[in-house]
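What the coordinates show
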Amino acid sequence: MLILGIESTAHTFGVSVINDKFQFLANVNSVYIPPKAKGIHPREAAIHHSENAPKVIKEALNIAGVEFSDIDAIAISLGPGLGPCLRVGATIARILCLYYKKDMVPVNHAIAHIEIARYLCNVEDPLVVYVAGGHTLISTFIDGRYRIFGETQDIALGNAIDFFARKIGLGYPELVNVENLALKGERILELPFSVKGQDTAFSGLITAALKLVKQGYKIEDICLSLIEYAYSMLCETVERALAYTGKKSLILTGGTARSKILQEKLALVAKEQNASFHVVPKEYAGDNGAMIAYTGMLAYKHGVKIEVKDSYVKPFWRLDTVDIPWR
Amino acid sequence: MEIKLINLIKKGAEAEIWYGEWFGLEAVFKIRKSKPWRNPLLDNKIRLQRTLREFKIIYECIEAGIDVPYIFDLDLEKFTIIMEYVKGQILKDLFYNWDSKILELCKNIGRIIGQIHNISITHGDVTLSNIILRENKSICLLDFGLAEFSNRIEDKGIDLLIFLRSLESSFSKIAKVCFEEFIKGYSEIASDCLKVIEKMEEIKKRGRYIAERRKVPVYF
């Protein structure tokens, strides 16, 4: 049995082919990179996806050495994400499903990030920290669903730091550039530390940091303070969640999982609570087709499908509303 | 030795809770240890601020006649608060065995949260692990580590929401009825209960990717 997975929620158009032994036969991703010091414009990203989709799909099939007739079902990430981008992927998936008479498997993008990390790190029941441009949340699996134990109340951590970086004129990859400046910082400036129970809020932190920029503080010090405050806030909620749930493993996933500084800090958090620490492999941290194909295979094996006529995109599809029959 | 640490009760995220003796009395030592993942400059600042604030807030609660652990001593050099050892059952353990008394308990917790809100204190971490039912059946509220002096409807709303999330995350099947009772108790006592409940509903929708917040459904 083969599944073709399509990812198209934000800046990445990705296609992957997986077999029923959960081996990836192909994983091809094309990433839209915005102009310097600009964010992702949903329309521009959607145009990138529609222009690159045929090439990416063909390449994935070539690498996998299969044809459409070999594929059993198409897994598509219907949300959450940017509407225009989601629509490109969904339209392509619908056409392929109708034309080649394939089953369609709906996949929640956030669940896919969690499942690929669990699979590749080989962890059964972890506390999940999912940080990216769109999400910052702590989740555990309870009673058939991934429950959200804590999350950001405003913008995501990756989004917050990227936004700050663009405001001070840094380009892609924004987070790496801010962290590099932070390494040269020497002192910690005053910023708001907003942890609200299990939740965090980052927008006030960014406003305050930008104010410091205007006041003429050294940019390296501001970057250091921003990184320290933002990561410490997250680490604190993670440590509390570990203490509360008593989970013995911690897994870090999502695009921002590639941050070495965040990895080091969370490894220490896990150690404090006697939990093992795992990070999703770098090439599967950011959005990718493989995680959609993998989660699609899990779902399809448990009978999850959707009729094409019902396959609306869901830009606001929260992960705690999705039933997980495979756990 | 008049002061003796005997055993570690709990290693929380924020502090270590030790059981020990304080001049012959059973005592709890709440020690805010340094966190290796925090920059040392930030670390000391946060520990001092929080220890002091927690002390002041517990003191205010005692003054207002709310059942909280009694404070014996404060050691700012070691970021430590020394307080009464509260004997009883942690509510989270109690909730695993369903019993009709649980609903009454939830109502009483609501009343207590209403009381602290009325004296402009928000707890910041109202979870079932932070509440003890004493042997004399009085409900004792613990851990004011994240509490604040605040009269903001926002902070009060967060208290309610955290309690709801704590029910949902461990007891998803009974969460709804328990929370309804909690709100009943809260509404009896809290002076601006309607505004706080409304705010809580708003904060609930504040996370990421909440369809309800969008007035127009998105169908394509």
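This report concerns the structure included in the present document. Because the structure is predicted, anything quoted here is derived from the model rather than measured.

Rules and cut-offs
Residues numbered from 1 in each chain as written. Chains lettered and ligands numbered in written order. Predicted model: local features only at pLDDT ≥ 70, side-chain atom pairs only at ≥ 80, totals over all residues. Heavy atoms only, no water. Contact = heavy atoms within 4.5 Å. Buried area = accessible area lost by both parts, 1.4 Å probe. Salt bridge = Lys/Arg side-chain N within 4 Å of Asp/Glu carboxyl O. Polar contact = N/O pair within 3.5 Å; in protein donor to acceptor, adjacent residues only side chain to side chain. Nonpolar A, V, L, I, M, F, W, Y, C, P; charged D, E, K, R; others polar. Phe/Tyr/Trp six-rings, centres within 6.5 Å; stacked < 30°, edge-to-face > 60°. Helix = DSSP H or I, 4+ residues; strand = E, 2+ residues; numbered from the N terminus. Buried < 20%, exposed > 50% of the residue type's maximum accessible area, 1.4 Å probe, protein only. Pairing = 2+ DSSP bridges.

On the side of chain B, 41 residues touch chain A, which itself brings 41 residues to the contact. Note on chain A versus chain B: buried area summed over both sides is about 3900 Å², and carbon and sulfur give 56% of it. Contact with chain B buries area across many residues of chain A, yet A:Tyr244, A:Glu272 and A:Phe316 alone supply 20% of it, more than any other trio. For the interface between chain A and chain B, the tally reads six salt bridges. A salt bridge links A:Glu236 to B:Arg38; the nearest nitrogen and oxygen atoms lie 3.7 Å apart. For the interface between chain A and chain B, the tally reads 11 residue pairs in polar contact (both at pLDDT 80 or more). Here the residues of the side of chain A that touches chain B are counted per class, giving 18 nonpolar, eight polar and 15 charged.

Attention now goes to the packing of aromatic side chains. Residue and element names in this part refer to chain B. Inspection of every chain in the model, using the stated rule, returns 19 aromatic pairs over all chains. When the centroid spacing of 5.6 Å and the interplanar angle of 55° are considered together, the rings of Phe-95 and Phe-171 count as tilted. Separated by 76 residues along the polypeptide, Phe-95 in helix α2 (residues 91-95) and Phe-171 in the loop between α4 (153-170) and α5 (175-189) bring together distant segments of the chain. The exposure classification of Phe-95 matches that of Phe-171, with both residues buried.

With that settled, the discussion passes to the pairing of strand β5 (residues 80-84) of chain B. Residues in a regular strand project their side chains so that they alternate between the two faces of the sheet. Residues and elements named next belong to chain B. Extensive coverage of β5 is indicated by the burial of five of its five residues. Relative to β5, strand β3 (residues 25-31) is paired through five bridges, and the arrangement is antiparallel. The residue of β5 that forms the bridge with Phe-29 is Ile-82. Pairing of strand β4 (residues 71-75) with β5, which is carried by four bridges, proceeds in the antiparallel orientation.

Residue and element names in this part refer to chain B. Per the stated rule, a full pass over the model turns up 41 salt bridges over all chains. Residue Arg-50 pairs with Glu-14 through a salt bridge whose shortest N-O separation is 3.1 Å. Separated by 36 residues along the polypeptide, Arg-50 in helix α1 (residues 40-63) and Glu-14 in the loop between β1 (3-11) and β2 (16-22) bring together distant segments of the chain. In this structure, Arg-50 and Glu-14 share a single accessibility class: buried.

Any functional reading would require information that these geometric values do not contain.
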